[in-house]
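Letter by letter, the chains look like this.
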Amino acid sequence: MTYVGGVRLYLGLWVMSSNSCAMVVSKGLVNPPSTGREPYFVSPPGAAARPLLAVDGYASCSFIFLLFLHRLLFFLRCPFFFSFVFESPCKMLNMLSVFSVLRRQFLENNCLNVFLIMRRSKNCSLFSLLRTSLKELVYENTAKRGLWLSASSLVDEDLHLHPRILSNFCINTRSFSIPVKRFDRASNCRGLGHHEFPEFRGLNRFLCSSEAGSGELPRCWNCGGAAVSPGPFLACGLCGSVQPVDQSIDFFQIFGLERKYEIKDGNLEGKYKDWQKKLHPDLVHSKSEKEKMFAAEQSARVIDAYQTLSKPLLRAIYLLKLEGVHADEEKTITDPDLLAEMMDIREAVEEANDSHSLNQIQTQVEEKFEKCSRSFEQAFKMHDFDNAIAAIERMRYHDRALEEITKKL
Amino acid sequence: MLRAAGRRILGLGSGHRAPAAAVASRGYHERVVDHYDNPRNVGSFDKNDPTVGTGLVGAPACGDVMKLQIKVDDATGKIVDACFKTFGCGSAIASSSVATEWVKGKHMEEVLSIKNTEIAKHLSLPPVKLHCSMLAEDAIKAAVKDYESKKAKPAAANAETAQTEKVASA
């Protein structure tokens, strides 16, 4: 008898704790947040008693009803397994309410709120059950793989606060740019700093450092030193750490060149090797994961820059892209002169079988390529973008012909 | 089961991401390879022949050039023969080859209704190569247009000579 009584007491305590949860939850019903967009975790300091979740009315009503029923049964001294039977639906309803909130948050694209809610409601079993659905929803809603990976890592780690989460956020910066930007309105960024979540303090620091903004010198994430030397801030001059990729630094700036088509005395190769001496991933072999990721991205960017700038056709296309003109369209052209000319050249290449005639054709085509090059330069200087695009098309055809010749040689 | 329930709760419903095209190897479709290995209708007609229409198109994005020529029977308006010459990728060659095959024996108006999507479906072209089939469709249209303009020109020339004769006799 006493044994059963003890178990009942234990159950009663359990129910009481879930009741207090319900109180918190129902308070949310009475005092819901004013707008749907307000992130739930931003609170003025001192408002610690503010309810965490606002619930859909229906879910909370049924939840409260079931709890009442459960209490009634308990009061009437029902065998404990009846009350046990009612425990799980209560739990399920709790989860349901959490999920309705989550869903609304997802639909409002407030992904970071979602992570917080997931973290706060420490219910691992439900989340492992619904993990797949969560992942799908994140993937569909954001279509960013980085976000998905972080979501799954959050769920997998059993809701423990982990410093690795922060690095995940940092690592997947590019994939986070959309939700982070949405989240990082001016007011929120400042408000976060005061909040109790330590991980978001770190995130705040990271966010604000990457949004260095106009007028501010970029600072090194490692030593905090400002960029001293002129030129793009790809690696810190003081401590040597590789910096995260800044997409606003274009390829010409990386090599210290003006934004022109002509690059004489650019010494591209020398500068390229100098950069790789500072940024190559092999040099950060023993450093942190974060820095390895930065090094991989930065050196890939420098390689891209080198390859784009060293080929005239790619350089021309990139120049136009920087001006906002998209040259790489997949439309068909019916310019009879250009096409007839190209047909003749290609046919000649097909028929030529010895290297002598091929070389002859090669020189001819190279001359024509040079001519197109000059005309592009002229057009670009005059900001005559239509002619520039036409020149690029001609250059591409000639470039293709040159490739074929090289293949045959 | 719970997972499915969870999915329904979250309102995903039957939002299944369609599996990617079930091709394990990313090679060319066998039809494309067939057209490449056994080219049909490669060649040229005389450009100045009045019964020949020449369509010359190019794709600047990849530097492809495609020439499609049709020989039309003046009386019936049917296409009796076609040939092509394409410098480009395998998909472009196959698309133009298929175009010449389909065009033979059809009426000129009928031929204008050949869509690039049909060619692409016939060859199972991947999305990145859809512009090749577009090029083939444009080549057909250009050839037909060229033939019509050639037909119109001698008519205009005849009208002109008739006028000059009238003026001379007047």
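Residues numbered from 1 in each chain as written. Chains lettered and ligands numbered in written order. Predicted model: local features only at pLDDT ≥ 70, side-chain atom pairs only at ≥ 80, totals over all residues. Heavy atoms only, no water.

A tally of helices and strands in chain A yields 18 helices and zero strands. Burial status across chain A gives 42% buried among its 409 residues. When contacts within chain A are restricted to residue pairs at least 6 apart in sequence, those whose partners lie at least 24 apart make up 66%. Surface summary for chain A: the accessible area is close to 22800 Å², and the carbon and sulfur share equals 57%. (Helix = DSSP H or I, 4+ residues; strand = E, 2+ residues; numbered from the N terminus. Buried < 20%, exposed > 50% of the residue type's maximum accessible area, 1.4 Å probe, protein only. Contact = heavy atoms within 4.5 Å. Areas by Shrake-Rupley, 256 points an atom, 1.4 Å probe, with all protein chains shown as cover.)

The next subject is the sheet that holds strand 3 (residues 79-87) of chain B. Across a sheet, paired strands are connected by hydrogen bonds in the backbone, their directions being either parallel or antiparallel. Residue and element names in this part refer to chain B. Taken in spatial order, the three strands line up as 1-2-3 in an open sheet, and their pairing is antiparallel. With partners counted over all chains shown, the strands left at the sheet margins are strand 1 (52-59) and strand 3, one partner each. Strand-to-strand, the axes of this sheet are offset by a mean angle of 15°, without reference to chain direction. Here helix 3 (residues 90-103) sits on the sheet in contact with strand 2 (64-72) and strand 3, set at roughly 175° to strand 3. (Pairing = 2+ DSSP bridges. Axes fitted to C-alpha atoms, helices over the stretch in contact; angles between N-to-C directions.)

For the rest of this paragraph, the subject is the side chain of A:Arg400. Structurally, A:Arg400 can be placed in helix 18 (residues 385-408). One polar contact links A:Arg400 to B:Asp64, side chain to side chain, over a distance of 3.0 Å. In contact with A:Arg400, other than residues within four places in its own chain, are A:Arg346, B:Cys62, B:Gly63, B:Asp64 and B:Gly88. (Polar contact = N/O pair within 3.5 Å; in protein donor to acceptor, adjacent residues only side chain to side chain.)

This next bit is on a nonpolar patch on the surface. Residue and element names in this part refer to chain A. A grouping of Phe65, Phe68 and Leu72 is seen on the molecular surface, where their side chains present a nonpolar patch of about 320 Å² in accessible area. Considering the arrangement of structural elements, one finds Leu72 in helix 2 (residues 57-75). Here Leu72 falls in the partly exposed class, since its relative accessible area comes to 37%. (Patch = residues over 30% accessible without salt bridge, like charges linked within 9 Å, V, L, I, M, F, W, Y side chains within 5 Å. Salt bridge = Lys/Arg side-chain N within 4 Å of Asp/Glu carboxyl O.)

Now for helix 5 (residues 116-123) of chain B. Every α-helical turn comprises 3.6 residues, leaving residues that sit three or four positions apart pointing alike. Residues and elements named next belong to chain B. For helix 5, the full list of buried residues reads Asn116, Ile119, Ala120 and Leu123. Looking straight down helix 5, one finds its buried side chains confined to an arc of 100°; they lie on one side. In helix 5, the exposed positions that point more than 90 degrees away from the buried face belong to Thr117 and Lys121. (Arc of directions from axis to C-beta.)

Moving on, we come to the nonpolar core. Within the largest apolar cluster, 38 residues are counted, with the highest numbers of intra-cluster contacts made by A:Ile254, A:Phe255, A:Leu320, A:Phe376 and A:Met395. Elements represented by at least two residues in this core include exactly helix 12 (251-254), helix 13 (268-279), helix 14 (289-310), helix 15 (312-322), helix 17 (355-381) and helix 18 of chain A. Residue contributions to this core reach at least three from each of two domains, namely domain 1 (251-310) and domain 2 (336-408) of chain A. When neighbours within four sequence positions are excluded, A:Ile254 is seen to be in contact with A:Pro232, A:Leu234, A:Ile249, A:Trp275, A:Arg301, A:Val302 and A:Ala305. Within the second largest apolar cluster, 31 residues are counted, among which are B:Ile70, B:Met108, B:Ala120 and B:Ala142. (Core = buried A, V, L, I, M, F, W, Y, C linked by side-chain atoms within 4.5 Å. Domains from an automatic or database assignment.)

Let us look at the confidence of the model for chain B. Interpreting fine coordinate detail is not advised for predicted regions of low pLDDT. Residue and element names in this part refer to chain B. Counting all residues, the mean pLDDT for chain B is 81, and 78% of those residues have values of 70 or more. Scored below 50 in pLDDT, residues 13-24 shows five contacts in the model against residues more than four places distant or in partner chains. This prediction of the complex comes with two scores: 0.54 for pTM and 0.72 for ipTM. (pLDDT = per-residue confidence, 0-100.)

Attention shifts here to the packing of helix 3 of chain B against helix 5 of chain B. Residue and element names in this part refer to chain B. Between helix 3 and helix 5, whose axes approach to 10 Å, the crossing angle comes to 110°. In terms of orientation, helix 3 and helix 5 fall into the roughly perpendicular class. The element helix 3 and its partner helix 5 pack so that their crossing is right-handed. From helix 3, Ala94, Ser95, Val98 and Trp102 reach across to helix 5, where they touch Glu118, Ile119, His122 and Leu123. In terms of residue class, the contact of helix 3 with helix 5 is built from five nonpolar, two polar and one charged. (Parallel < 35°, antiparallel > 145°, perpendicular 65-115°, else oblique. Left-handed = near helix turned anticlockwise from the far one by under 90°. Nonpolar A, V, L, I, M, F, W, Y, C, P; charged D, E, K, R; others polar.)

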